[in-house]
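Results of the structural survey
One letter stands for each residue in the lines below.
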Amino acid sequence: MERMKVFVMMAGLTALLVILGGAIGGQSGAIAFFVMAGLMNFAMYWWSDRIVLRMYGARVIEPHDAPELYQMVDRLRQRAGLPMPTVAIAPSEQPNAFATGRNYENAVVCVTAGILRLVDRDELEGVIAHELAHIKHRHMLVGTIAATLAGAIAMIGRMLQWGAIIGMGRDDDEGGNPVALLAMAIVAPIAAMIVQFAISRQNEFQADRTGAEICGRPLSLADALRKLEAYAHRIPMPVNPAAAQLAIVNPLSGDRGMGLLRLFSTHPSTEERVERLRALAASPEFRRISA
């Protein structure tokens, strides 16, 4: 299912670029943008994890760089039945974390410098377990591709907006339509947002539950989520919005949509996630699993 989603996103990117290429340069433009789409799809699949780490300014660490963190990831990944992922730290003071990579063997778990200073050991284990759950369910493949896809489409949209403003495209007597080109340029970043927003909401609930089972303490993860949510709105994170949906809580401060705007949130509400974790901790089923 996850690979099918990736195929659909890549096919959608190809179709969008061919349409835009045709609007700009006719048949030759469509062919050129088709080749561009092929190159972008190749790069997104093989190097998307590196692109995401660059979006966050993160660096890969070795065991001697942060031995306690490294040992925690190693211990929890064994409980989850996963290979050892690459561990990375992003320099942001905002407490947050995310997982990326295209498969188990190329997975990355990244935490920010801020989270290492804010949460206690049990809470950090809950966060790490949540990210390992994303890896276990292969959510990170779709999320990582979506992040790089959204970033690429938004970049192309901005380029086309400027091109339409300065008169890029064919002349009217050649059948060009600058208004249509500008409309496509506006639609492109909107399409990118829809792609990234449509993916993570249910995945977060699933990762919360599985993460709680991995670490054995749903309430520790719930406490961590409350802290991270509070600090995310106090401490800004200079991250590309395309990669926001990968983080455990939305890193973009001020994104507190109400009503219909909640449909376009990258994450379900933290309050609902905490309530579900509390219910899980109190359930006889979880007590049997964790016993």
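Whatever comes next refers back to the structure up there.
Read on for an overview of the structure. The model shown is predicted, which means the values in this text are computed figures rather than measured ones.

A surface patch of nonpolar side chains, amounting to about 420 Å² of accessible area, comprises Ile 31, Phe 34, Val 35 and Leu 39. By the secondary structure assignment, Leu 39 is in helix 1 (residues 2-56). A residue is classified by how much of its surface remains accessible, and Leu 39, at 61% relative accessible area, is exposed.

On to the side chain of His 134, then. Within the secondary structure, His 134 sits in helix 4 (residues 121-136). By relative accessible area, His 134 is classed as buried at 7%. Polar side-chain contacts of His 134 include one of 3.0 Å to the side chain of His 130. Sequence-distant contacts of His 134, defined by excluding residues within four places in its chain, comprise Ala 99, His 139, Met 140, Asn 203, Glu 204 and Ala 207.

This part is about the environment of Thr 112. Structurally, the position occupied by Thr 112 is in strand 4 (residues 108-112). Here Thr 112 falls in the buried class, since its relative accessible area comes to 3%. Excluding anything up to four places from it in sequence, Thr 112 contacts Ile 89, Ala 90, Ser 92, Gln 94, Pro 95, Asn 96 and Met 237. Polar contacts involving the side chain of Thr 112 include one to the main-chain carbonyl oxygen of Gln 94, which spans 2.7 Å.

Attention shifts here to the sheet that holds strand 2 (residues 86-90). With respect to topology, 4 strands assemble into an open sheet ordered 1-2-4-3, the strand pairing being mixed. Taken across any chain shown, the strands that pair with only one partner, and hence form the sheet edges, are strand 1 (59-61) and strand 3 (97-100). Strand-to-strand, the axes of this sheet are offset by a mean angle of 30 degrees, without reference to chain direction. Pairing of strand 3 with strand 4, which is carried by 4 bridges, proceeds in the antiparallel orientation.

Moving on, we get to the pairing of strand 2. Among the 5 residues in strand 2, 4 count as buried, and that is most of the element. Summarising the sheet, strand 2 and strand 4 pair through 5 bridges and their orientation is parallel. By the bridge assignment, Ala 90 is partnered in strand 4 with Thr 112.

Looking at the secondary structure, you find Glu 213 in helix 6 (residues 178-215). Each C-alpha atom of the pair Glu 213 and Ala 80 lies 9.0 Å from the other, and the pair is 133 residues apart in sequence.

In this section: the packing of aromatic side chains. Two aromatic rings, taken as a pair, are described by how far apart their centres are and by the angle between their planes. Under the criterion given, the structure shown has 1 aromatic pair. On the numbers, 4.2 Å between centres and 25 degrees between planes, the contact of Tyr 56 with Phe 98 is stacked. One end of the pair, Tyr 56, is in helix 1; the other, Phe 98, is in strand 3, and 42 residues separate them in sequence. We classify Tyr 56 as buried; its relative accessible area is 8%. Accessibility expressed as a relative area gives 2% for Phe 98, which makes it buried.

Conventions and cut-offs
- Residue positions within a chain follow its written sequence, with the count starting from 1.
- With the structure being a predicted model, the display of local features is reserved for residues of pLDDT at least 70 and the display and counting of side-chain atom pairs for 80 or more, all residues being used for whole-chain, interface and lining totals.
- Side-chain metrics rest on all non-hydrogen atoms present in the structure, leaving aside hydrogens and water.
- Each patch is built from residues lacking any salt bridge and having more than 30% relative accessible area; the joining distance is 9 Å for like charges and 5 Å for nonpolar side chains (Val, Leu, Ile, Met, Phe, Trp, Tyr).
- Areas reported as accessible are Shrake-Rupley estimates using a 1.4 Å probe. Residue values count occlusion only from the protein chains shown.
- Salt bridges are counted wherever a side-chain nitrogen of Lys or Arg sits within 4 Å of a carboxyl oxygen of Asp or Glu.
- Numbering of helices and strands starts at the N terminus; helices are DSSP runs of H or I of at least 4 residues and strands are runs of E of at least 2.
- Exposure classes here rest on a 1.4 Å probe applied to the protein chains alone. A residue is buried below 20% of its type maximum, exposed above 50%, and partly exposed in between.
- Between N or O atoms, a polar contact is any pair within 3.5 Å; within protein, one atom must be a potential hydrogen donor and the other a potential acceptor, and residues adjacent in sequence are included only when both atoms are from side chains.
- By the convention used here, residues are in contact when the closest approach between their heavy atoms is within 4.5 Å.
- Pairing between two strands requires that DSSP report at least two bridges joining them.
- As a rule, the C-alpha atoms of each element are fitted with a line to give its axis, helices using only the stretch in contact, and angles between N-to-C directions run from 0 to 180 degrees.
- Each aromatic pair joins two rings of Phe, Tyr and Trp (for Trp, the six-membered one) with centres within 6.5 Å, and gets the label stacked for planes under 30 degrees apart, edge-to-face for over 60, and tilted for any other angle.

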